[in-house]
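Listed here are the chains, written in short residue letters.
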Amino acid sequence: NQTSLMTYTINVAPTITTVLVSPTSPITYGTSSNFSCSNTGNLPMTLYINGIDSTSELGLNITRGAGNYSLNCTSYGNSNYTGSIALSNYTINKAVPILYSVVTSPITYGTASNYSANESNSGDGDLVYTLQINGVNLINGSAVSDSSVLGAGNYTYNYSTFGGENYTSAEK
């Protein structure tokens, strides 16, 4: 009686991991973004954003702050598949703040100015909005007005911000 043994080897299968983003980079602050990962071996995925485990954000539409994001999708292998990594960069540009202002011009000496300005920007808690007249600061605020009675002449109102984390500078 003779028995023959044969060794049969099944190699671990390679995988390819992909970073999926929507919409494509770059976008402007205020637009939500969605980061997800895929893997050809259907392995569980870990999403790192700027080196921090952000797996809980996989597939979610999120409004993120302006800046550059380093994305890393990692799949860890198992007994049948090798793990793999995909890297990508994503940019969210600062938005231009929207400023509104109105004033009646010309007016006659003795009539109060009716200048008013405001803004409607979300996520702008670090912005300072300033109203100036002829280069002199009058007041800071999200909604400002001036009802001064000015002497005859030409005056320039300037409602502005120097910008912040999510917004550029702007003036109206």
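Rules used throughout
- Residues numbered from 1 in each chain as written.
- Predicted model: local features only at pLDDT ≥ 70, side-chain atom pairs only at ≥ 80, totals over all residues.
- Heavy atoms only, no water.
- Helix = DSSP H or I, 4+ residues; strand = E, 2+ residues; numbered from the N terminus.
- Buried < 20%, exposed > 50% of the residue type's maximum accessible area, 1.4 Å probe, protein only.
- Lys, Arg positive; Asp, Glu negative; His and termini not counted.
- Salt bridge = Lys/Arg side-chain N within 4 Å of Asp/Glu carboxyl O.
- Core = buried A, V, L, I, M, F, W, Y, C linked by side-chain atoms within 4.5 Å.
- Contact = heavy atoms within 4.5 Å.
- Phe/Tyr/Trp six-rings, centres within 6.5 Å; stacked < 30°, edge-to-face > 60°.

S.K.: Any chance you could break down the side chain of Asp124 for me, citing the residues and the numbers?
M.R.: Within the element layout of this structure, Asp124 appears in the loop between β10 (115-119) and β11 (129-133). Summary of buried charges: Asp124 has no salt-bridge partner, and the nearest side chain of opposite charge, Lys94, is 13 Å away.

S.K.: Would you mind going over the nonpolar core in detail, with residue names and values included?
M.R.: Counting residues in hydrophobic clusters, the biggest one holds 28 residues, and the most contacted among them are Leu71, Tyr90 and Tyr159. Those elements that provide at least two residues to this core are β3 (33-39), β4 (45-49), β7 (67-75), β8 (84-93), β10, β11 and β14 (157-161). Once residues within four sequence positions are removed from consideration, Tyr90 is found in contact with Val21, Ser22, Pro23, Thr24, Ser25, Ile27, Ser33, Phe35, Gly67, Asn68, Tyr69 and Leu71.

S.K.: Tell me about the packing of aromatic side chains, and please be specific about residues and values.
M.R.: Evaluated as defined, the whole model comprises 4 aromatic pairs. Measuring from centroid to centroid gives 5.5 Å for Tyr29 and Tyr167, while their planes differ by 75 degrees, and the two rings are edge-to-face. Here Tyr29 is found in the loop between β2 (27-28) and β3, whereas its partner Tyr167 is found in the loop between β14 and β15 (170-171), with 138 residues between them in sequence. Its relative accessible area of 14% is what places Tyr29 among the buried residues. By relative accessible area, Tyr167 is classed as buried at 6%. With 4.9 Å between their ring centres and 70 degrees between their planes, Phe35 and Tyr90 make a pair best called edge-to-face.

Note that every value here comes from positions in space, so none of it alone points to a role or purpose.
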